[in-house]
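Report on the structure
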Amino acid sequence: MTNWQEREITRVTTATDLYDLFDRLGLRATDSCLVHTSLSAFGYIPGGEQTLVTALKTTLSQGNIVMPAQSADYTDPREWLYPPVRQDLQAKVMAGMPAYDRTLTPCHFIGLTPEYFRTLPDTQRSGHPTCSMTAWGRNAAQICATPTLDLPFGAQGPLQKLYNLNAKVVCLGTDFETATAIHLAESTIDRPVFEEQAPISVAGKPQWRSYQMVELEPYDDFNVMGAAFCQAHPEQVTQQPLGQHHQARVIGMRALVDFAREYYREKDRREMK
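The text that follows walks through the structure, step by step, so that each part is easy to find. If you're wondering where the values come from, they're calculated on a predicted model, not measured in any experiment.

With respect to the overall build of the protein
Counting its regular elements, the protein contains 10 helices and nine strands. For 273 residues, the compact-globule estimate of 2.2 N^0.38 gives 19 Å, and the C-alpha radius of gyration of the protein, at 19 Å, lies within 12% of that figure. Taken over the C-alpha atoms alone, the protein extends approximately 50 × 50 × 40 Å along its principal axes. Classification of the 273 residues of the protein by burial places 48% in the buried group. Long-range contacts, defined here as pairs at least 24 residues apart, represent 71% of the contacts in the protein between residues at least 6 apart. By element, 51% of the accessible surface of the protein is carried by carbon and sulfur atoms, the whole surface being about 13900 Å². Positive and negative side-chain charges in the protein, numbering 25 and 31 respectively, have mean positions lying 4 Å apart.

Structure, rendered in structure tokens:
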């Protein structure tokens, strides 16, 4: 038995509590929302991620729900650091890696809720092998269309489509460190482009293909940037407490991305001097 299973449950969040929270956060049926979740921030939810996703779908019944579905373990093992792969085993890892599959490839390391959401039969997924997004709702097919593998968080990716839909970023117990929307800003400020590679299916077989990327989170300061944004644009942030130690936030995506774009453009300029 693990540590957390031995702890007494001292806070319970039901579906009714979730509907009340979403109403206080100002979520409406037609909203398009990029959702980030931390189940532990809610204490205990009877039904867990199923209850949470059902409440989101009911609340956003005429809009869109989007979640990250990245598969970082489908990247080039020669670049891995956590953990690194011993040099003589790197080719073996590459040869044994299956091709990315929108339906079958799991999303690891980003929580239970995105993986549960990915597996639902009415969820669609974009086609990028390492930086995919999942979507449900009115514009799900449009959001997940993948015309190119290059710059997956850039102007042709799902994040730009959400920006165009005037989406909201919904952070349920998470902070700005997990706010994927900020990658749109980073991908559209002319940072140097480099190549990464990942396995895709070609004629039914895995084949490693290169795609263009820019450096993401070079300053490891999303929370610092987020605090500056909240101070500059309080009208763009609606916040409610989750217990004693966490917050739920709804943030205007356009305003956040526009602010982050200028923030990081200026910071990149200073670093280059």
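Some words on the environment of Gln87
One can find Gln87 in the loop between strand 2 (64-68) and helix 4 (90-96). A relative accessible area of 68% means that Gln87 is categorised as exposed. For the pair formed by Gln87 and Pro77, sequence separation is 10 residues and the distance between their alpha carbons is 9.3 Å.

Details of the pattern of salt bridges
Where charged atoms from two side chains of opposite charge approach closely, those side chains can pair. In this structure the tally under the stated criterion is 14 salt bridges. Taking the shortest distance from any N to any O, the salt bridge between Arg191 and Glu186 comes out at 3.0 Å. Note on accessibility: Arg191 and Glu186 belong to one class, buried. The salt bridge involving Glu262 is made with Arg265; its shortest N-O contact spans 2.5 Å. Taken as a pair, Glu262 and Arg265 lie in helix 10 (residues 253-272) at a separation of three residues, close to a single helical turn.

With respect to the sheet that holds strand 2
Reading across from one edge, 3-4-2-1-5-9-8 is the order of the seven strands in this open sheet, with mixed pairing throughout. Each edge of the open sheet carries a strand with a single partner, namely strand 3 (124-125) and strand 8 (237-242). Summarising the sheet, strand 1 (residues 32-37) and strand 5 (residues 168-172) pair through five bridges and their orientation is parallel. Within the sheet, the bridge partner assigned to Leu34 lies in strand 5 and is Val169. Along the sheet face, helix 10 touches strand 5 and strand 9 (246-252) and points at about 85 degrees away from the line of strand 9.

What about the packing of aromatic side chains?
The description of an aromatic ring pair uses the distance of the two centres, along with the angle that the planes make with each other. Summed over all chains, the structure comprises five aromatic pairs. Arranged with centres 6.1 Å apart and planes meeting at 0 degrees, the rings of Tyr219 and Tyr264 form a pair that is stacked. Linking Tyr219 in the loop between strand 7 (205-214) and helix 9 (222-232) with Tyr264 in helix 10, this pair joins segments that are 45 residues apart in sequence. Classification of Tyr219 as partly exposed rests on a relative accessible area of 22%. In this structure Tyr264 comes out as buried when scored by relative accessible area, which is 1%. Taking the centre distance of 6.2 Å and the plane angle of 25 degrees together, the rings of Phe259 and Tyr263 count as stacked.

Focus on the pairing of strand 6 (residues 193-202)
Of the pairings in the sheet, the one linking strand 6 to strand 7 comprises 10 bridges and is antiparallel in character. Residue pairing for strand 7: Glu196 is matched across the bridge by Tyr211. What sits between the antiparallel neighbours strand 6 and strand 7 is a turn of two residues, in which Ala203 has the positive phi angle 55 degrees.

Observations regarding the pairing of strand 1
Look at any regular strand and the pattern is simple: side chains alternate between the two faces of the sheet. Burial of strand 1 is extensive: six of the six residues sit out of reach of the surface. Of the two faces of strand 1, the one holding Ser32, Leu34 and His36 and the one holding Cys33, Val35 and Thr37 are both buried throughout. Where strand 1 meets strand 2, three bridges bridge the pair, whose relative direction is parallel. Of the residues in strand 2, the one forming a bridge with Ser32 is Asn64. One crossover worth recording links strand 1 to the parallel strand 2 by way of helix 3 (residues 48-59), and it is right-handed.

Procedures and definitions
- Residues numbered from 1 in each chain as written.
- Predicted model: local features only at pLDDT ≥ 70, side-chain atom pairs only at ≥ 80, totals over all residues.
- Heavy atoms only, no water.
- Helix = DSSP H or I, 4+ residues; strand = E, 2+ residues; numbered from the N terminus.
- Rg over C-alpha atoms; globule rule 2.2 N^0.38 Å.
- Buried < 20%, exposed > 50% of the residue type's maximum accessible area, 1.4 Å probe, protein only.
- Contact = heavy atoms within 4.5 Å.
- Areas by Shrake-Rupley, 256 points an atom, 1.4 Å probe, with all protein chains shown as cover.
- Lys, Arg positive; Asp, Glu negative; His and termini not counted.
- Charge placed at Lys NZ, Arg CZ, Asp CG, Glu CD.
- Salt bridge = Lys/Arg side-chain N within 4 Å of Asp/Glu carboxyl O.
- Pairing = 2+ DSSP bridges.
- Axes fitted to C-alpha atoms, helices over the stretch in contact; angles between N-to-C directions.
- Phe/Tyr/Trp six-rings, centres within 6.5 Å; stacked < 30°, edge-to-face > 60°.
- Right-handed = clockwise from strand over helix to strand, strands pointing away.

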